[in-house]
Amino acid sequence: MSLRTPPADVDLERKGRDLRASSLPFLLLGVVFAVVGILLIVGGTVVGGAVLVALALAPLLVAGGLMLPGVVSWWAARHKPFA
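Described in the following lines is the structure provided in the data block. (Residues numbered from 1 in each chain as written. Predicted model: local features only at pLDDT ≥ 70, side-chain atom pairs only at ≥ 80, totals over all residues. Heavy atoms only, no water.)

### Examining a nonpolar patch on the surface
Keep this limit in mind: Here a patch means residues that are over 30% exposed by relative accessible area and free of salt bridges, tied together within 9 Å if like-charged and within 5 Å if nonpolar (Val, Leu, Ile, Met, Phe, Trp, Tyr). Using the Shrake-Rupley algorithm and a 1.4 Å probe, accessible areas are obtained, with residue cover drawn only from the displayed protein chains. Here, a salt bridge means any side-chain nitrogen of Lys or Arg that lies within 4 Å of a carboxyl oxygen of Asp or Glu. Here a strand is any run of E in DSSP of at least two residues, a helix any run of H or I of at least four, and the numbering for each starts at the N terminus.
A contiguous nonpolar surface patch, about 750 Å² in accessible area, is contributed by Leu-28, Leu-29, Val-32, Phe-33, Val-36, Leu-40, Val-47, Val-51 and Leu-55. When residues of the nonpolar patch are traced back to their parent elements, those giving at least two are α1 (10-43) and α2 (46-77). With six residues, α1 is the largest single contributor of residues to the nonpolar patch. Take Leu-55: it is sitting in helix α2.

Set out below in structure tokens:
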């Protein structure tokens, strides 16, 4: 079985693609906050950097929460076993 099999359920595939696409802005925002926070920590401003890294967790968790069901629906649209 290859990963390039066509979806058996087109609606489920579309919903999964929509979920994954809507997670990208949150992922980008979280990565930008995390990188700036890490740069501040390396530069010596530990408290400000730690605050930005902590703030980066919220959009990264939202992105993960949107991406996980998107990947599951992509997999389920092809009627592949999960285990």
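### Examining the side chain of Arg-78
To keep it simple, the criterion reads: Polar contact is defined as a pair of N or O atoms within 3.5 Å, subject to the rule that within protein one atom must be able to donate a hydrogen and the other to accept it, and that residues adjacent in sequence are counted only when both atoms are side-chain atoms.
Assignment of secondary structure puts Arg-78 in the segment after α2. At 2.6 Å, the side chain of Arg-78 and the side chain of Glu-13 are in polar contact.

### A closer look at α1
Put simply, the rule is: Expected span, for any helix, means 1.5 Å times one less than how many residues it has. Two axes are fitted around each residue, one to the seven residues ending there and one to the seven starting there, and the angle between them is reported as the bend at that residue. Each residue's exposure class comes from its accessible area (1.4 Å probe, protein chains only) as a fraction of the maximum for that residue type: buried when under 20%, exposed when over 50%, partly exposed otherwise. In what follows, residue pairs with any heavy atoms lying within 4.5 Å of each other are defined as contacts.
Along its 34 residues, α1 runs 49 Å from first to last C-alpha, staying within 8% of the 50 Å computed at 1.5 Å per residue. Of all the bends in α1, the greatest reaches close to 30 degrees and is centred on Leu-24; the proline Pro-25 follows between one and four positions later. Of the positions making up α1, those classed as buried are Glu-13, Gly-16, Ser-23, Gly-30, Ala-34 and Gly-37. Of the surrounding elements, those touching the buried residues of α1 are α2. Two residues or fewer after α1 comes Gly-44, characterised by a positive phi angle close to 115 degrees.

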